[in-house]
Every structure is written in structure tokens, then in C-alpha cells.
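Next come the chains, spelled out residue by residue.
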Amino acid sequence: MNKAHLALSLAAASLWYRRRILALVCLTLTLSVTLLLGIQYLRTEIRQSFTNTITGTDLIVGARSGQLNLLLYTVFHIGDATNNIRWSTYQHLEQDRRIDWAVPISLGDSYKGYRVVSTNEQFLERFRYGDNHKLDMAQGIWFNELFDVVLGAGVARKLNHRVGNKIILSHGGGRTSFSNHTDLPFRVSGILEATGTPVDQAVYISLEAMEAIHVGWESGVAIPGRTLSTSAAETRTFMPEAITAVLLGLKSPIQTFQLQRELNQFRQEPLSAILPGVALSELWRMMGQFEKALLGISIFVVATSLVGLIAVLLTIQAQRHREVAILRAVGASPGLIASLYSIECVMLALASCGLALFLGAAAIASLSPWLLENYGIQISLRALSMDEGLLLSSVPLAALIVSLLPAWGAWRKNRTLGFGSNN
């Protein structure tokens, strides 16, 4: 039996003999590594989900505003627009030869806390997310009739709605509204496939329907006798006077910056044109400080667990006189005795890493539906990235480094006892 195999066998036997005490240490380290790896994994997945919220759209155009505000209310449905833009401006953009397609968006109402987005069939055809994925219908069809409504996957799942259900929209974008469009109920015509983006957390109607339900409303209040019934609304033709924003796709991406500059200097009305990718990067940089802080905290937790491991090893060292005496009697060198501490520490770290991988996979499998339903974040099991692998492998390396303290103490003590001649 060579020295390496002997050292491993002795270390394994020592760990098994002290399994009850070291099991608690292993559990603490496992939970710490799970936290560290989990935060890094979520950082990667959330960043990927975040940056893939909208793809294929070259410009977002809205009323004059900061680019983050425009991005938040058009893509993430957070906050409100500073103003609307005229319908004639949308028609001007639609006729621009440089523009391949234009998707109008109008916001303002809600349904049980979910944002109502009024648009047209171009939204279903042109909106892209992730790796250029298009929107698909899970059930039913895109709205055809005036009072048809399409639900995002998260809305349908959370409220347990099905195709054919009747719903009443609320006036205003708040979670609680006391002004409802009771006289004009909508019928669920379709439900979108889940995307893991804010699309899942919205309700979609036509631009004409948005105009129809606001006939007879002034200052957020319905004027009695001036609102329309369903039958009366269906006989009329509606044309919006203003919308909230426009998503643009250009025929040539080379012209993006030129068109952006022109729109930011548009003379007919004050506009802001933003590049979604640039705005997403800026927003992520702002949010990135928080996720870096979480990663730092998890690293500190792992370091604390490793310090606890050192304390346990030093305590055990004082109780191993009989074991060390037997090893010395059979000719074990000070180096072999000292190496046992390092080997035991690394083996504990490796066991903790293995358990952490198992716990992390189980947590992701169980939490991913909840994250998708409540936060629109889609995560799935995958192989570890290079950064995650390096982070995981650093734990046994750190365990080896911290084990040098008790190992050096054992080596020095055995040399002073007259075993310095052995290697």
C-alpha cells in the first residue's frame, strides 16, 4: 500500500469514527455552499432572463422621458408614461421607408392589478424575446372581435381563467380600482404561451377596444348616460387619438442611430427613442450592485463555515493523542500525520459540494414554477457555467488552505517529539 492510499484510508476511517460531530460541520458547510452556488446560479439565470426580455426590436419610441422610465413602462409594465404621443406620429413612423414594422402600444387600464396593453395583431407577429422566440398561443386565438381579450400565461394561471370566460377591466393602472368598465365586459379569446418575461403578466386588447371603453369618461369618471353599451359600441368605428409608445423594427440596423437622433429631435412633438439593449444594460448595471452584495454575503457565510471547520479540527486535535501515538508507534512520519488533517478537511468540503449540488438541483426543480408564476422569471436545470464551476471548486481549495493551520501544528508537535528523521 503506497503512502497516498494509506493516507486516504486513514482519513476516511477517522472521518467515519467522528461522523456524528463532523456531520454537523458538513451540514453547515453544505448549506453555505448551496447558498453561494444558488445565488451565483440565480444571478446568471436572472441576468439571462432579464436581458432576453425583448429582442429584435430596434427602437422604442415614446413621449419625452428618460430611457429607463420609457423602458420600464413599455416593457416591464412598471410606472406610467409622462405623456402620450399623437396617432399621427405613429402613422408618420409607419410610412417611413426605413422602418420595416411598427407596433403601437397604449396603456392606462388594469385587470386585478395586471396591466392592460392595447395593441394590434402586429404585436403577436413581431414581438420577440429570448433567442429570437416569437409569441405563440397556448389556447384560443388572438383577439378578433371588439371585446375579445388575450391573457398572458401568468395572468391566466394565477386567476384560473379559461378561454370563454368573461372579465371586467378596471380604469387606471393601480392594483385596486374603484372605477370599473362594468357595462362592457370582455371575453377571453386566447391565452399566450409562457415566456418567462413580463408578457406573461399582462392582458391584451385591441386599440379600438381601449377607445370604446373610454367613451363617456372624463377625468377618470364615467359620465352617466354617455357611455356605450356592448351592442352600440360594436356598430361604431373607433380610431385612437393618441397612444403610449411604438416598438420599431428597421429594415437596416445600420440606420438605427440616425433614426434615433432624428426622432429625439422630432419637431412635431417631443419624443424619446431608445435602444432596448442599451437601456437594459444600464438598468442591469444599476441592479447589479445588489446582486453583487448578495454574492459577497454568501462568500462571507462560506468563509464563516470554514472558520468553524478549523475550530472543530483544532478541538479534535487535542483529543487525538491516542490515535497519533499509535500512528507514531507503527512508524508514521510527521508529514503523514499532518496530511491527515488536510485530507479530512478537503474530503469534508468535497462531500459538502456534492450535497450542495443535489440540494441546489432539488430547489431549482421545486421553485422554478413558483418563480415563473409570481415573478415571471424562468429558470431551468442546466450544467454549471465556467464561473459557477470555478466558484464551486474554490471551496475544496479554500478548505485545503485553512486546514494548513492544524496540519502545521500537528507536524511541528510530532517533529519536536523526535520524529524529524522520518519524511
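Provided above is the structure to which this section pertains.
Residues numbered from 1 in each chain as written. Predicted model: local features only at pLDDT ≥ 70, side-chain atom pairs only at ≥ 80, totals over all residues. Heavy atoms only, no water.

1. A short note on the environment of Ala-81
Part 1: Summarising the element assignment, Ala-81 is placed in the loop between helix H3 (67-75) and strand S2 (85-86).
Part 2: Overall, the relative accessible area of 28% leaves Ala-81 in the partly exposed class.
Part 3: When residues no more than four places from it in sequence are discounted, the contact partners of Ala-81 are Tyr-73 and Thr-244. (Helix = DSSP H or I, 4+ residues; strand = E, 2+ residues; numbered from the N terminus. Buried < 20%, exposed > 50% of the residue type's maximum accessible area, 1.4 Å probe, protein only. Contact = heavy atoms within 4.5 Å.)

2. Describing a nonpolar patch on the surface
Part 1: On the surface, a nonpolar cluster with roughly 400 Å² of combined accessible area is contributed by Leu-27, Leu-31, Phe-358 and Leu-359.
Part 2: Residue assignment for the nonpolar patch shows that the elements contributing at least two residues are helix H2 (19-51) and helix H12 (334-375).
Part 3: Inspection of the secondary structure puts Leu-359 in helix H12.
Part 4: Judged by relative accessible area, Leu-359 falls into the partly exposed class, the value being 35%. (Patch = residues over 30% accessible without salt bridge, like charges linked within 9 Å, V, L, I, M, F, W, Y side chains within 5 Å. Areas by Shrake-Rupley, 256 points an atom, 1.4 Å probe, with all protein chains shown as cover. Salt bridge = Lys/Arg side-chain N within 4 Å of Asp/Glu carboxyl O.)

3. Some remarks on the nonpolar core
Part 1: The biggest cluster of nonpolar side chains holds 32 residues, and the ones touching the most others in it are Ile-60, Leu-71, Phe-127, Leu-135, Trp-142, Leu-192 and Tyr-204.
Part 2: The biggest single contributor to this core is H3, with five residues.
Part 3: Those residues in contact with Leu-71, other than ones at most four positions away along the chain, are Ile-60, Phe-76, Ile-274, Pro-276, Ala-279, Leu-280 and Leu-283. (Core = buried A, V, L, I, M, F, W, Y, C linked by side-chain atoms within 4.5 Å.)

4. With respect to the state of the cysteines
Part 1: Here the structure, examined in full by the defined rule, presents zero disulfides.
Part 2: The closest cysteine sulfur to the non-disulfide-bonded Cys-26 is located on Cys-353, 9.5 Å from its own sulfur.
Part 3: In this structure Cys-353 comes out as buried when scored by relative accessible area, which is 5%. (Disulfide = S-S within 2.5 Å.)

5. Quick look at unusual backbone geometry
Part 1: The phi torsion at Lys-112 lies on the positive side, around 50°, for a residue other than glycine.
Part 2: Checked against the element boundaries, Lys-112 lands in the loop between strand S4 (110-111) and strand S5 (114-119).
Part 3: Even without glycine at this site, Asn-160 takes up a positive phi of about 60°.
Part 4: The exposure class assigned to Asn-160 is exposed, which follows from its relative accessible area of 52%.

6. A few points about the pattern of salt bridges
Part 1: Following the criterion strictly, the structure yields six salt bridges and no others.
Part 2: A salt bridge links Lys-134 to Asp-136; the shortest N-O distance between them is 3.5 Å.
Part 3: On the basis of relative accessible area, Lys-134 is assigned to the partly exposed category, the value being 38%.
Part 4: We note a salt bridge from Arg-187 to Asp-148, for which the minimum N-O separation is 3.4 Å. You can see Arg-187 sitting in strand S11 (residues 186-192) and its partner Asp-148 sitting in strand S9 (residues 148-151), a full 39 residues away along the chain.
Part 5: Note on Asp-148: relative accessible area 3%, which makes it buried.

7. Here's the deal with the pairing of strand S1 (residues 59-63)
Part 1: The buried fraction of S1 is high, at five of five residues.
Part 2: Judged from the four bridges that link them, S1 and strand S16 (residues 245-250) form a sheet pairing that is antiparallel. Opposite Leu-59, over in S16, you have Leu-248 as the bridge partner.
Part 3: Relative to strand S17 (residues 271-274), S1 runs antiparallel, the two being bridged by four bridges. When the bridges of S17 are listed, Ile-60 appears paired with Ile-274. (Pairing = 2+ DSSP bridges.)

8. Here's the deal with the side chain of Thr-256
Part 1: Topologically, Thr-256 is positioned in helix H9 (residues 256-264).
Part 2: Within the structure, the side chain of Thr-256 is placed 2.7 Å from the backbone oxygen of Pro-253, a separation counted as a polar contact. (Polar contact = N/O pair within 3.5 Å; in protein donor to acceptor, adjacent residues only side chain to side chain.)

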